[in-house]
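Remarks on the overall topology
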Amino acid sequence: QAAREELTSFDFTTMLELFDHLDPETCRKAGELILKIHPDCSEKMCRELASPIRRKRIRAARACRLMGLHEHVVPALLVMLDDSDTLVRRTALEVLEGIRRPEVVAAVRRLADDPSPRVRETAGKTLRSLEPASGNLSG
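These figures come from a predicted structure and were not determined experimentally.

The rules behind each value
- Residues numbered from 1 in each chain as written.
- Predicted model: local features only at pLDDT ≥ 70, side-chain atom pairs only at ≥ 80, totals over all residues.
- Heavy atoms only, no water.
- Helix = DSSP H or I, 4+ residues; strand = E, 2+ residues; numbered from the N terminus.
- Polar contact = N/O pair within 3.5 Å; in protein donor to acceptor, adjacent residues only side chain to side chain.
- Contact = heavy atoms within 4.5 Å.
- Expected span 1.5 Å × (residues − 1).
- Buried < 20%, exposed > 50% of the residue type's maximum accessible area, 1.4 Å probe, protein only.
- Arc of directions from axis to C-beta.
- Axes fitted to C-alpha atoms, helices over the stretch in contact; angles between N-to-C directions.
- Parallel < 35°, antiparallel > 145°, perpendicular 65-115°, else oblique.
- Nonpolar A, V, L, I, M, F, W, Y, C, P; charged D, E, K, R; others polar.
- Core = buried A, V, L, I, M, F, W, Y, C linked by side-chain atoms within 4.5 Å.

Among the secondary structure elements, Ser51 is positioned in the loop between helix 4 (41–49) and helix 5 (54–66). Here Ile53 takes part through its backbone nitrogen, which lies 3.0 Å from a polar atom of the side chain of Ser51. With residues near it in sequence (within four places) discarded, Ser51 still touches Lys56 and Arg57.

Before going further, it helps to examine the environment of Lys44. Residue position: Lys44 is located in helix 4. Taking the C-alpha atoms as reference points, Lys44 and Val73, separated by 29 residues in sequence, lie 9.9 Å from one another. Setting aside its immediate chain neighbours within four residues, Lys44 contacts Asp11, Phe12 and Thr13.

Here we take up helix 3 (residues 24–37). End to end, helix 3 covers 20 Å across 14 residues, agreeing with the expected 20 Å (1.5 Å per residue, within 8%). Turning to helix 3, its buried residues number three or more, namely Cys27, Ala30, Gly31, Ile34 and Ile37. Buried residues of helix 3, seen end-on, are gathered within an arc of 130° and therefore sit on one face of the element. The opening residue of helix 3, the one whose side-chain oxygen lies 3.1 Å from the backbone nitrogen of Glu25, is Asp23.

For the rest of this paragraph, the subject is the packing of helix 5 against helix 7 (residues 86–96). Direction vectors running N to C along helix 5 and helix 7 enclose 10°, while the axes themselves pass 9 Å from each other. Accordingly, the angle class assigned to the pair helix 5 and helix 7 is roughly parallel. Along the contact surface, helix 5 presents Arg54, Arg57, Ile58, Ala61, Arg62 and Arg65, while helix 7 presents Leu87, Val88, Thr91, Glu94, Val95 and Leu96. Across the contact of helix 5 with helix 7, the residue classes tally to six nonpolar, one polar and five charged.

Our focus in this paragraph is helix 7. Of all 11 residues in helix 7, eight are buried; the element is thus mostly enclosed. Every buried residue of helix 7 is accounted for by Val88, Arg89, Arg90, Thr91, Ala92, Leu93, Val95 and Leu96. Of the residues flanking the start of helix 7, the one acting as N-cap is Asp85, its side-chain oxygen 2.8 Å from the backbone nitrogen of Leu87. Gly98, located one to two residues past helix 7, shows a positive phi value of around 90°.

Within the largest apolar cluster, 39 residues are counted, with the highest numbers of intra-cluster contacts made by Phe12, Leu49, Met67, Leu77, Leu81, Leu96 and Val104. Of all elements in the fold, only helix 2 (12–18), helix 3, helix 4, helix 5, helix 6 (74–80), helix 7, helix 8 (102–111) and helix 9 (117–134) reach the threshold of two or more residues within this core. With near-sequence residues (within four places) excluded, Val104 lies in contact with Val74, Leu78, Leu96, Ile99 and Leu130.

Don't take any of this as a statement about function, it's just geometry.
So this is what it looks like as structure tokens:
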């Protein structure tokens, strides 16, 4: 508890400012530490993922992925898949890659028919990342 109190300023918001200047391993370890210090950090991450500012949504999604926190915000990432912005949908697909949950598979399948060719391509790649544990996803 004493350590938590000393480290309260080290949180997801702080890492949003720093993550793209750090190597992936440092980001992952920082994510683990944030979860220990702020077990309820998912709420803050979800707020960032729902920001009205496109750049903030994309940056937060990438930060979650690099810090290994993306599995804690799957519902917010699924909402991003319905965004009107092509880049937001593509980013959410990339962040969801490898998360083998039925709701993720269903949402990614839906985007295999997206109007954007780049979103369809990313959806295909994401679906392939889900195949080993999900079996045949084509039907």
